Structures are given as structure tokens and as C-alpha cells.
Amino acid sequence: MTLGLEMKKLKRTGYVPAFLAGGVLAAAFPLANMLVRSETFTSLPGDPLSILMDANWQMMAMLNILVCICGACMMYHTEYADNGAQKMDMLPIGTGNLFLMKFVITALMLAVMIALETAVLAGCASHWFADYEIDLPAFLKGAGFQWFVTLPTVMLMLFIASACKNMWISLGLGVILVFTLSIFPQDNPVLRLLPFCSPYQTFAAAAEHGRIPLFMGVCATETAVFGLSELVYQKLRRCLS
């Protein structure tokens, strides 16, 4: 019931088309790259999919993050418009459930985006690299990893958006975090684990350094901590308002 309610709120906001358009735009980036300068990549040694991920994923991950920021802002803009959030407090629906359903919807849309993007990367590898054959288990592991390490960013951005009645404030904070953390040295293992930084990490690079369990554990912890922080914030807000 709560999930259906959240989906109804998003029907006329352009939320789903925004995520689909973002996924298509990110997926078009490696395709355009290969059409323009395929010889640059086909001459490199190593796994074709890893080569394409290394060359394109930074830009693709940034687009994914920006779409998630916009999506979180759109979700809570509908909540605060015309005092909708205050009206929802009067209904027999837990605000924690509403936040969780928002997270579920965003995570599902993000999964669709990443599935599309990694499928295009695998298609480019199959087309331009003659000896490449798609390893489905490895492909699914890579896509799942890229999705999972983005979840802390999604949860934190929803938390920020829920705390800001003005959509432009949460949008500005999200953009500032994106560009501030992107200029930090990416070779620092601690910074790589932070939200807004972890989505840039690739499965191949993490596997090469044996950091996949580390990323999975830290990202799961961050997601849970931000979710619990939202529940505490909502209780405090209701007590103080």
C-alpha cells in the first residue's frame, strides 16, 4: 500500500522519465566514445569490459549520481508542496515507511539505469573486440557491485532532501557534494569509501586490490546508518514541531 502511494505521488512529476533519460544518456557515452575513437581502446591489452569501464565509468557514475540527486529533490518537493508533509503526519502511516519506500523506488530505478549502462558496455565490447565473449556471471557481479556501492549516496541524498523544505537547497547541497568529493584524490582508499565517491569505483579495480568485501561491508553499514539517522531525525522533528 505504501509503495503504491509513493508511486502515485510520482506519476506526474517526470521522475521515471528522468531516470530513464539519464540511463540512456549515460549509456550513450561509451557508445559515442567507441564510434569516435575505437582504435584507442581496441589496442589496449586486458579484459575488454574492464578497459571500457575504466575509460567511461567516471562520467557514467557522475550522471547516475546527478540523476539520483534530482530524483530525491523531486520526491520531497512533492511532499512539502502545499504542506503535504504535515498532512501526511496526520494519517495512520509511518513516516519511516514512506522514507523506506522512497529509497526502494530510487534503488529500483537506479538498478534499471545501471543494467542498461552495463549492457551497452558489454555490447560495445562484443562488437569492437573480436575475441570477447560475455561472461554472464561476471557481468551480473559487476553490475550488482556498481549498484550496491551507489546505495549510500542514494540514502544520504534522500536524507538531505527530507531535511530541506526548499528543493533548491537540497539540490545545491547535492551538487556541492558531488563536485567537492570528486576533486579529492581518488587513490586514497578511505575517501573511496565515502558516499558520492564510492559510485566511481569499478568492480575490476576493487577485485584487483581485494577490496570487494570492504566496499560491500562499508557501503551496507553507511546505508543502514543514514537510514537510521533519518528515522531519528523524523522523530525529533515531530517532537519539536
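Up top you'll find the structure we're talking about.
What you see as residue numbers is a count from 1 along each chain, following the sequence as written. For this predicted model, a pLDDT threshold of at least 70 governs which residues receive local features, and a threshold of 80 or more governs which side-chain atom pairs are given and counted, while totals over whole chains, interfaces and linings are taken from all residues. Calculated side-chain values reflect all of the structure's heavy atoms, with hydrogen atoms and water omitted.

Asks: Would you mind showing me how to read the packing of aromatic side chains here?
Replies: Pairing of aromatic rings covers Phe, Tyr and Trp, the last through its six-membered ring, and needs centres within 6.5 Å; plane angles under 30 degrees mean stacked, over 60 mean edge-to-face, and all others mean tilted. A complete count under the given rule lists five aromatic pairs for this structure. For the pair Tyr15 and Phe19, a centre-to-centre distance of 4.8 Å together with 45° between the ring planes defines the contact as tilted. Within this pair, Tyr15 and its partner Phe19 are both found in helix H2 (residues 15–42), separated by four residues, close to a single helical turn. For the pair formed by Tyr15 and Phe19, the shared burial category is buried. Runs of E in the DSSP output that reach at least two residues are strands. Runs of H or I that reach at least four are helices, and both are numbered from the N terminus. Throughout, exposure labels follow a simple rule: accessible area from a 1.4 Å probe, protein chains only, divided by the maximum for the residue type, with under 20% read as buried, over 50% as exposed, and the rest as partly exposed.

Asks: Explain a nonpolar patch on the surface to me, please; I cannot follow it from the model alone.
Replies: A residue counts toward a patch only above 30% relative accessible area and without a salt bridge, and it is joined to like-charged neighbours within 9 Å or, for Val, Leu, Ile, Met, Phe, Trp and Tyr, to nonpolar neighbours within 5 Å. Surface accessibility in these figures is a Shrake-Rupley result with a 1.4 Å probe; residues are shielded only by whichever protein chains are displayed. A pair is scored as a salt bridge if a Lys or Arg side-chain nitrogen falls within 4 Å of a carboxyl oxygen belonging to Asp or Glu. A contiguous nonpolar patch, built from Leu3, Met7, Val16, Leu20 and Val112 and spanning about 370 Å² of accessible area, is present on the exposed surface. Elements with a contribution of two residues or more to the nonpolar patch: helix H1 (2–9) and H2. Assignment of secondary structure puts Leu20 in helix H2. Relative accessible area serves as the criterion here: at 42%, Leu20 is assigned to the partly exposed category.

Asks: I would appreciate a short explanation of the side chain of Thr118 in the present structure.
Replies: Note on placement: Thr118 falls in helix H5 (residues 95–128). By definition, residues are in contact when any of their heavy atoms lie within 4.5 Å. With residues near it in sequence (within four places) discarded, Thr118 still touches Phe139 and Ala143.

Asks: Explain the packing of helix H3 (residues 48–80) against helix H7 (residues 151–163) here, please?
Replies: What describes two packed helices is the angle between their axes and the distance between those same axes. Running from amino to carboxyl end, H3 crosses H7 at an angle of 35°, the nearest separation of the two axes being 9 Å. Considering only the axes of H3 and H7, their crossing is right-handed. Contact residues: Ile65, Cys68, Ile69, Ala72, Cys73, Met75, Tyr76 and Tyr80 in H3; Thr153, Val154, Met157, Leu158, Ala161, Ser162 and Ala163 in H7. Amino acids outside the nonpolar list (Ala, Val, Leu, Ile, Met, Phe, Trp, Tyr, Cys, Pro) and the charged list (Asp, Glu, Lys, Arg) are all regarded as polar, and Gly is one of them. Its residues placed into classes, the contact of H3 with H7 shows 13 nonpolar, two polar and no charged. Here the axes come from fitting lines to C-alpha atoms, over the contacting stretch only for helices, and the angles between their N-to-C directions go from 0 to 180 degrees. By definition, turning the near helix anticlockwise from the far helix through less than a right angle yields a left-handed crossing, and turning it clockwise yields a right-handed one.

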